[in-house]
Amino acid sequence: MRSTDPYRIFFPLGILLGFAGVAVWPLFYFGILSGYWGLSHTFIQSDGFLFCFIAGFLLTAVPKFTGTENPPLAAQIVLAVLIFIGAVFLELQDYAIAQTAFVIAYAMLVTLCFRRYLRRHGALPETFSLVGIALLTGLLGSIINALGTWGLIGSGWAMGGSWAMLGKRSLTEGMTLMLVLGVGGFLGRGLLGFDKFPVVQIGGVAPGTRSRIMPESLRPLYLICGIILMLSIAAEYGFGIEWMSFVRAAVATFVIAATVQPWRFPIHRTTLSWCVWTANILIVAGLW
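Rules used throughout
Residues numbered from 1 in each chain as written. Predicted model: local features only at pLDDT ≥ 70, side-chain atom pairs only at ≥ 80, totals over all residues. Heavy atoms only, no water. Core = buried A, V, L, I, M, F, W, Y, C linked by side-chain atoms within 4.5 Å. Buried < 20%, exposed > 50% of the residue type's maximum accessible area, 1.4 Å probe, protein only. Helix = DSSP H or I, 4+ residues; strand = E, 2+ residues; numbered from the N terminus. Contact = heavy atoms within 4.5 Å. Salt bridge = Lys/Arg side-chain N within 4 Å of Asp/Glu carboxyl O. Polar contact = N/O pair within 3.5 Å; in protein donor to acceptor, adjacent residues only side chain to side chain.

Asks: Pulling in residues and values, what's your account of the nonpolar core?
Replies: Leu58, Leu79, Ile83, Leu109 and Leu181 are the most contacted members of the largest nonpolar core, which totals 63 residues. With 12 residues, the top contributor of residues to this core is helix 2 (residues 38-66). Excluding residues within four positions of it along the chain, Leu109 makes contact with Phe51, Ile54, Ala55, Leu59 and Leu135.

Asks: Requested: an account of the environment of Gly138, with residues and values cited.
Replies: The topology assignment puts Gly138 in helix 5 (residues 128-149). A residue is classified by how much of its surface remains accessible, and Gly138, at 0% relative accessible area, is buried. Along the backbone, Gly138 and Gly167 are 29 residues apart, and their C-alpha atoms lie at a distance of 8.6 Å. Apart from residues lying up to four places away in sequence, Gly138 is in contact with Tyr106, Leu171 and Met175.

Asks: Residue-level account of the pattern of salt bridges, with values.
Replies: Once their charged atoms are close, side chains differing in charge can pair, the charge on each being opposite to the other. Per the counting criterion, the structure on display carries 6 salt bridges. Across the salt bridge formed by Lys64 and Asp5, the nearest N and O atoms sit 3.6 Å from each other. Remark: Asp5 occurs in the segment before helix 1 (7-29) and Lys64 occurs in helix 2; sequence separation between them is 59 residues. On the accessibility criterion, Asp5 (22% relative accessible area) is partly exposed. Put simply, Glu69 and Arg116 hold a salt bridge, and the shortest N to O gap is 3.7 Å. Of this pair, Glu69 sits in the loop between helix 2 and helix 3 (73-91) while Arg116 sits in helix 4 (residues 95-118), placing them 47 residues apart in sequence. Look at Glu69 and you get partly exposed, because its relative accessible area is 37%. One salt-bridge network, in which partners are shared between bridges, spans Arg169, Glu173, Glu236 and Arg248.

Asks: Mind laying out the environment of Leu221, listing which residues take part and the relevant values?
Replies: Within the secondary structure, Leu221 is located in helix 7 (residues 219-239). Put simply, Leu221 and Thr127 are 94 residues apart on the chain and 9.0 Å apart in space, counted from C-alpha to C-alpha.

Asks: Which residues make up unusual backbone geometry, and what values do they have?
Replies: The backbone of Gln93 sits at a positive phi, close to 60°, despite the residue not being glycine. Overall, the relative accessible area of 31% leaves Gln93 in the partly exposed class. Located in the positive-phi region is Gln261, a residue other than glycine, with phi close to 50°. Turning to its location among the elements, Gln261 is positioned in the loop between helix 8 (244-259) and helix 9 (271-287).

Asks: Could you give an account of the side chain of Thr66, with specific residues and numbers?
Replies: Of note, Thr66 is situated in helix 2. Its relative accessible area of 0% is what places Thr66 among the buried residues. A distance of 3.5 Å separates a polar atom in the side chain of Thr66 from the backbone oxygen of Pro63. Thr66 has contacts with Arg116, Tyr117, Arg119, Arg120, His121 and Leu124, leaving out every residue within four places of it along the chain.

As structure tokens, this is what we get:
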């Protein structure tokens, strides 16, 4: 089967699931639904709506940055079906089957990205290590969510026990935050006009053709930052160490300061560049 850019499948699916996630509230308001629907809403938005855009972007961008091919169309369809099945069972409030489907989906996304990383041509952007740790955090979070719904860990799933919070926050404050920092760390500078975009070529990249976005010496620091962010999620929500939120804010602020430099106004004065600049300011403000 001929491959296609994955965003063409996952972005429309994400929009559809976004509507499905918020639909529970008007349906509840008009009495069509009854009972507690907070978990369905939460996980359709994170594992459905948000995950579709993450998968669509990464499976389109990672092949470009690694100089490899897009995932086969069959693999894209299987992943999309898994996400859709998970969302349907969330709507049916069968959380165990839903979260199991999402574990498989997360594992599949990690596998597709990792296989292309292993066959990469040339050096990747310095902040790309954050993307890898983000995917690992999301996979671990989905496993925790699934184990909780099957009653294998913790208690009080619907009441937000420590394991439940750890699973949910691993997807939002963990995976999503690190993806924003990792991808925004190199694409953001290009969009703001501070650097040229990396030059990539499917099937191989000649040495030296990829633009240097940040000093090479910072590469290990971004890896350390990702590890600290992942551990801060576990410490705060798994073990109740609340001051870890300040650690997370400080680390994210450092990454944004080292990459996007938000004290500088965009060189390209476009709507997109101003949105990127404003988003980074709001990330820092929101974390603190």
